[in-house]
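Letter by letter, the chains look like this.
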Amino acid sequence: MIRELIDDLLDEAAARGDLDGVADLASPLPVTVICRVLGVDTGERDWYRTRSSMLGGAVDPYLAFLGVPAPGLAERRRAERELDDFFRRLADERRRAPRDDMMSRLLAAEIDGAPLTEEEIVTTCRLLLNAGHETTVGLIANGLLTLLDHPGTLAALRDDPAATAPAVVEELLRLQPPLQIVHRHAREDMEVRGIRVPRGTTMVLLLAGANRDPGAFGCPHRFDAARDDASRHLSFGLGAHYCLGAPLGRLEAELAFVRFAQRVVGPRLVDAPPRYRPHIVLRGPESLPMRTEAILGRATPWRSGSP
Ligand code: HEM
């Protein structure tokens, strides 16, 4: 399904004759994938309206730093309620006629013999949508940007995807983490490396900084797809809240990079350096307009060993 979607998106760009790595690939792919997984019909207009108003404020940098929400909370709450109504309607539909999707499975699931409550189902869907969308957009967009500077790696992705793609994705996650920061609240007085942290303190944890710790990674600022310890990065978090969608995020990125390398010939960035989104937690370029020599057709074979 993901392969088909990527080919559809590249076909659209090829038909138009230009390619923006964010608008045409990185941005539409993850939301469509997570919608398909959840069972949302991506053609619904109503859906798109609520989605766009919601996703803009899904990760709140104010909350991470100051412990208070960013301005516009009322609007975000309203969008959240609209989204919840949408998922409630979807739950009703699937209750009547289950399909092979996540919503139907959540409705059928039991914990200790009891089904999930409607609130649990609705908030789980909202979490999956938010957590699975912007992060993966960032990974693909940051990744494309880095790969444009490394044509040798793009050629290796094209010619030997099985040997190259997993390591490239890990190194891109390490070097360019889409989610730069997470935060924690101390539930009790504690000490972290000799620093006293009183109960109730908000701690800001810089995943991006840890990924470039020279004590952990040699030449940490260099992109090196051959390093053997890149997967020790913290880009999916660590411990109890380790990213639930890590395998899906990795798969989408591997497929996107490999197919980009196979179908897009001679890509070059039009505006270098690109503008980044003004966001302190989510890091990624706003757009990546490219010039290309050609975008090959979808008949281009997926090489053996493609993810
Ligand atoms: C490449 C893309 C992704 C990155 C970089 C990423 C990153 C992260 C990070 C850093 C956390 C930990 C947050 C914390 O500790 O406070 C997390 C949690 C989570 N992620 Fe992802 N994520 C990605 C893709 C996805 C996808 C595709 C999904 C869903 C399909 C997803 C679902 C979740 C969920 C549900 C959690 C919360 C887990 C929990 O609290 O137990 N993520 N993610």
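Structural notes, computed from the coordinates. Everything numeric here is computed off the predicted structure, so don't read it as measured data. Counting of residues starts from 1 at the beginning of each chain's written sequence and follows it residue by residue. The predicted nature of this model means local features are confined to residues of pLDDT at least 70 and side-chain atom pairs, given and counted, to a pLDDT of 80 or more, with totals for whole chains, interfaces and linings taken over all residues. Here the side-chain values reflect all heavy atoms present in the structure, with hydrogen atoms and water set aside.

The subject of this paragraph is the overall build of the chain. Numbering of helices and strands runs from the N terminus, with a helix taken as a DSSP run of H or I at least four residues long and a strand as a DSSP run of E at least two residues long. When helices and strands are tallied, the chain shows 12 helices and 11 strands. Computed over C-alpha atoms, the radius of gyration of the chain comes to 21 Å, within 12% of the 19 Å expected from 2.2 N^0.38 for 307 residues, which places it in the range of a compact globule. If one aligns the C-alpha atoms of the chain with their principal axes, the spans along those axes are about 55 × 50 × 40 Å. Only heavy atoms enter the contact rule, under which two residues are in contact if any of them lie within 4.5 Å. Long-range contacts, defined here as pairs at least 24 residues apart, represent 69% of the contacts in the chain between residues at least 6 apart. Using a 1.4 Å probe, the Shrake-Rupley method yields the accessible areas, and only the shown protein chains count as cover for residues. Within the structure as shown, the chain displays about 16100 Å² of accessible surface, and the carbon and sulfur contribution to it stands at 53%. Note that His is not counted, nor are the chain ends; the positive residues are Lys and Arg, and the negative ones are Asp and Glu. By convention, the point assigned to a charge is CZ for Arg, NZ for Lys, CD for Glu and CG for Asp. On the chain, the mean spot of the 39 positive side-chain charges and the mean spot of the 44 negative ones are 2 Å from each other. The size measure is the radius of gyration over C-alpha atoms, and the globule rule it meets is 2.2 Å times the number of residues to the 0.38 power.

Quick look at the packing of aromatic side chains now. Two rings belonging to Phe, Tyr or Trp (six-membered ring only in the last case) form a pair when the distance between their centres is within 6.5 Å. Interplanar angles under 30 degrees mark stacking, angles over 60 mark edge-to-face geometry, and anything in between is tilted. According to the stated counting rule, one finds 2 aromatic pairs in the structure shown. Taken together, a centroid distance of 5.8 Å and an interplanar angle of 80 degrees make the contact between Phe86 and Phe87 edge-to-face. When a residue's accessible area, from a 1.4 Å probe over protein chains only, is under 20% of the maximum for its type it is buried; when over 50% it is exposed; and in between it is partly exposed. Take Phe86: its relative accessible area is 4%, and that puts it in the buried class. Of the residues examined, Phe87 reaches a relative accessible area of 0% and is grouped as buried. With centroids separated by 6.2 Å and ring planes inclined at 65 degrees, the aromatic side chains of Phe236 and Tyr242 adopt a geometry described as edge-to-face. In this structure Phe236 comes out as buried when scored by relative accessible area, which is 12%. Taking the relative accessible area as the measure of exposure, Tyr242 reaches 39% and is therefore partly exposed. Both a distance and an angle decide whether a charge sits over a ring: NZ of Lys or CZ of Arg must be within 6 Å of the ring centre and within 35 degrees of the ring normal. In this structure, Arg3 is placed above the aromatic ring of Trp302, and the distance from its NZ or CZ to the ring centre is 4.4 Å. Here the guanidinium or amino end of Arg174 rests over the ring plane of Phe217, the centre of that ring lying 5.2 Å away.

What follows covers the site of the ligand. Close contacts around the ligand come from 22 residues, with Thr135, Arg184, Ser235, His241 and Cys243 the closest. In the model, a nitrogen atom of the ligand is placed 3.4 Å from a nitrogen or oxygen of the Ala131 main chain. Here the element with the most residues in the shell around the ligand is helix α8 (residues 118–148); it accounts for 6 residues. Under the convention adopted here, Pro, Cys and the residues Ala, Val, Leu, Ile, Met, Phe, Trp and Tyr are nonpolar, Asp, Glu, Lys and Arg are charged, and Gly plus all remaining residues are polar. Looking at the shell around the ligand, its residues break down into 14 nonpolar, 7 polar and 1 charged. Whether a residue is near a molecule or strand depends on its heavy atoms: if one lies within 4 Å, it is near. Polar contact criterion, stated in full: a pair of N or O atoms within 3.5 Å, where within protein one must be able to donate a hydrogen and the other to accept it, and residues adjacent in sequence count only if both atoms are side-chain atoms.

Reference geometry at the metal: tetrahedral coordination by four donors gives ideal angles of 109.5 degrees; octahedral coordination by six donors gives 90 or 180 degrees. For the iron atom of the ligand, the protein supplies a single donor, Cys243 (SG), at a distance of 2.3 Å. Turning to its location among the elements, Cys243 is positioned in the loop between α11 (207–211) and α12 (246–263). Metal donors: N, O and S atoms at distances within 2.8 Å, or within 3.2 Å for Na, K and Ca, with water omitted from the atom set so that some sites may seem incomplete.

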